[in-house]
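Residue-level listing of the chains:
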Amino acid sequence: MNKSILKTIHESVKGLHDIGLVDATTMRKFDAQCLEPAEKLSKLQIKKIRLKVKASQPVFAEYLNVSPATVKKWESGEKHPNGASLRLLQLVKHDGLNVFKNIQSG
């Protein structure tokens, strides 16, 4: 579906939710259906994300809850992230390591 049409529909449904005509459960399901697919990232894009947040491979791996070897393989092109790892990389790309601020102890 055209991205601008989907955005318009989403805004309309959000408006219906705001005035109480769409319940929270339905709104959450609709939000999930409107998510952009996680974009595939090249090895250079992954390294650029890591360098932008100023993290070594082991530290970056710790944040993403993967092994340092996995990050190394992503950056060498030997392996490609998918699923939850790809979504986490997308979040870090957009929000930096701040995406993890609420789960840090302290």
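Residues numbered from 1 in each chain as written. Predicted model: local features only at pLDDT ≥ 70, side-chain atom pairs only at ≥ 80, totals over all residues. Heavy atoms only, no water.

Visitor: Can you help me understand the nonpolar core in this one?
Guide: Of all hydrophobic cores here, the largest spans 15 residues; its most connected members are L41, V53, F60, L64, W74, L89 and V92. Looking at this core, the elements that each hand over two or more residues are α3 (43–52), α4 (57–64), α5 (68–76) and α6 (83–95). Sequence-distant contacts of V92, that is, excluding residues within four places in its chain, are made with I49, V53, F60, L64, L97, V99 and F100. Formed by 5 residues, the second largest nonpolar core is a distinct cluster that contains V13, M27, F30 and C34. (Core = buried A, V, L, I, M, F, W, Y, C linked by side-chain atoms within 4.5 Å. Buried < 20%, exposed > 50% of the residue type's maximum accessible area, 1.4 Å probe, protein only. Helix = DSSP H or I, 4+ residues; strand = E, 2+ residues; numbered from the N terminus. Contact = heavy atoms within 4.5 Å.)

Visitor: When you look at unusual backbone geometry in this model, what are you seeing that I'm missing?
Guide: Backbone phi values are negative for most residues with the exception of glycine, while trans is the configuration of most peptide bonds. Phi at K54 is positive, roughly 55°, even though this residue is not glycine. Position of K54 relative to the elements: it lies in the loop between α3 and α4. Of note in the backbone geometry, N65 takes a positive phi value of approximately 60° without being a glycine. Structurally, the position occupied by N65 is in the loop between α4 and α5.

Visitor: How do you make sense of the packing of aromatic side chains when you look at a structure like this?
Guide: Any two aromatic rings considered together are summarised by their centre-to-centre distance and by the angle between their planes. Evaluation of the coordinates by the stated rule reveals 1 aromatic pair. Pairing Y63 with F100 gives two aromatic rings, centres 5.5 Å apart and planes at 50°, and the pair type is tilted. With Y63 in helix α4 and F100 in the segment after α6, this pair connects stretches of sequence that are 37 residues apart. According to the relative accessible area criterion, Y63 is partly exposed, its value standing at 29%. (Phe/Tyr/Trp six-rings, centres within 6.5 Å; stacked < 30°, edge-to-face > 60°.)

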